[in-house]
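Residue-level structural notes
What follows is the residue order along each chain.
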Amino acid sequence: MRARGRARGFTYLAVLLAVAFLGIALAAVGTVWATAVQRDREAELLFVGNAYRQAIGSYFRHSPGAGQYPRELAELIEDDRFPVAMRHLRRIYPDPMTGHADWELIRSADGGIAGLRSSSHKTPIKRTHFDAVNATFENTECYCDWQFVFSPGRSSRNVPRKQ
């Protein structure tokens, strides 16, 4: 009877160790998965932010007379300043870091929208090796420092286009 009780104790100990190792492995997988998701959201933020920058640039360049910035993001979807409305952007994209369209707008001197940025204060994983268009994002502390601003004198040739 005693040998059988020791065997049960050994089995119980083996099961406890297996559960502990499984928990450690799942925690490691969860960390890797969360990092991968954040990297995907960063890439999406760069794409969407540059799409907004390009749309604001298109709105500005197609302004009748002197260049104007849009007053609202909705004007990028349907620019009714012309007989046939122009579309500079397909839709209002949400901020990939928050999941909502809660962008912080960057206003020009005349009150128009010159750009936008994320409202997230999370620390980015990507800190270096940005392309020329996003070079100002190097070593920033949070996603809200990634400002996607259209400047009329700056070339937007390197901005990725949606396919």
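Summarised in this report is the structure supplied together with it. All values derive from a computational prediction rather than experimental measurement. (Residues numbered from 1 in each chain as written. Predicted model: local features only at pLDDT ≥ 70, side-chain atom pairs only at ≥ 80, totals over all residues. Heavy atoms only, no water.)

1. So, the overall build of the protein
To be explicit about the condition: Only runs of H or I of at least four residues qualify as helices and only runs of E of at least two qualify as strands under DSSP, and these elements are numbered from the N terminus. Between buried and exposed lies partly exposed: a residue is buried under 20% and exposed over 50% of the maximum accessible area for its type, with that area taken using a 1.4 Å probe on protein chains only. Whether two residues are in contact is decided by their heavy atoms: any pair within 4.5 Å suffices. All accessible-area figures derive from a Shrake-Rupley calculation using a 1.4 Å probe, and residue coverage is judged against the displayed protein chains alone.
A count of helical and extended segments in the protein gives 2 helices and 3 strands. Residue burial in the protein is summarised as follows: out of 163 residues, 33% are buried. A fraction of 51% describes how many contacts in the protein between residues 6 or more apart in sequence connect residues 24 or more apart. In the structure as shown, the protein presents an accessible area of about 10400 Å², 58% of it carried by carbon and sulfur atoms.

2. Section: the packing of aromatic side chains
Worth spelling out the cut-off: Whether two aromatic rings pair depends on their centres lying within 6.5 Å, for rings of Phe, Tyr and Trp, where Trp uses its six-membered ring; planes under 30 degrees apart make the pair stacked, over 60 edge-to-face, and the rest tilted. Any Lys NZ or Arg CZ that is within 6 Å of a ring centre and within 35 degrees of that ring's normal is treated as a charge sitting over the ring.
Summed over all chains, the structure comprises 10 aromatic pairs. Considering the side-chain rings of phenylalanine 130 and phenylalanine 137, the 5.7 Å spacing of their centres and the 85° angle between planes classify their relative orientation as edge-to-face. A ring pair is formed by phenylalanine 130 and tryptophan 146, whose centres lie 5.4 Å apart and whose planes are at 85°; its orientation type is edge-to-face. Placement of the pair is phenylalanine 130 in the loop between strand 2 (113-117) and strand 3 (147-149) and tryptophan 146 in the loop between strand 2 and strand 3, with a sequence separation of 16 residues. Taken as a pair, phenylalanine 130 and tryptophan 146 share a single burial class, namely buried. Counting every residue linked through ring pairs, the aromatic cluster contains Phe130, Phe137, Tyr143, Trp146 and Phe148. Directly above the ring of tyrosine 59 sits arginine 81, whose terminal nitrogen or CZ lies 3.7 Å from the centroid. It is lysine 126 that lies over the ring of phenylalanine 130; its NZ or CZ is 4.9 Å from the centre.

3. A closer look at the state of the cysteines
To keep it simple, the criterion reads: Here, the term disulfide refers to a pair of cysteine sulfur atoms separated by no more than 2.5 Å.
Counted under the stated rule, the structure contains 1 disulfide. A sulfur-sulfur separation of 2.4 Å characterises the disulfide bridge that pairs cysteine 142 with cysteine 144. Judged by the torsion about the S-S bond (-55°), the cysteine 142/cysteine 144 disulfide is left-handed. In terms of burial, cysteine 142 and cysteine 144 fall into one category: buried.

4. Section: the environment of arginine 117
Mapping arginine 117 onto the fold places it in strand 2. Excluding anything up to four places from it in sequence, arginine 117 contacts Trp103, Glu104, Ile106, Cys144, Trp146 and Gln147.

5. Quick look at unusual backbone geometry
Peptide bonds are trans in most cases, and residues, glycine excluded, mostly fall at negative phi. In this structure, histidine 129 takes a positive phi of about 65° despite not being glycine. Relative to the helices and strands, histidine 129 resides in the loop between strand 2 and strand 3. A positive phi angle, close to 55°, is found at asparagine 139, a residue other than glycine. The topology assignment puts asparagine 139 in the loop between strand 2 and strand 3.

6. A closer look at the sheet that holds strand 2
For the record, the criterion: Two strands qualify as a pair provided that DSSP identifies no fewer than 2 bridges between them. Fitted lines through C-alpha atoms serve as axes, helices being fitted only where they are in contact, and the angles separating the N-to-C directions of these axes extend from 0 to 180 degrees.
Ordered in space as 1-2-3, the 3 strands form an open sheet in which the pairing is antiparallel. Because the sheet does not close on itself, it has two edges, and the strands there are strand 1 (104-107) and strand 3. With direction set aside, neighbouring strand axes in the sheet form an average angle of 25°. When strand 1 meets strand 2, the two strands line up antiparallel, connected through 4 bridges. Bridge pairing in strand 2 places glutamate 104 opposite arginine 117.

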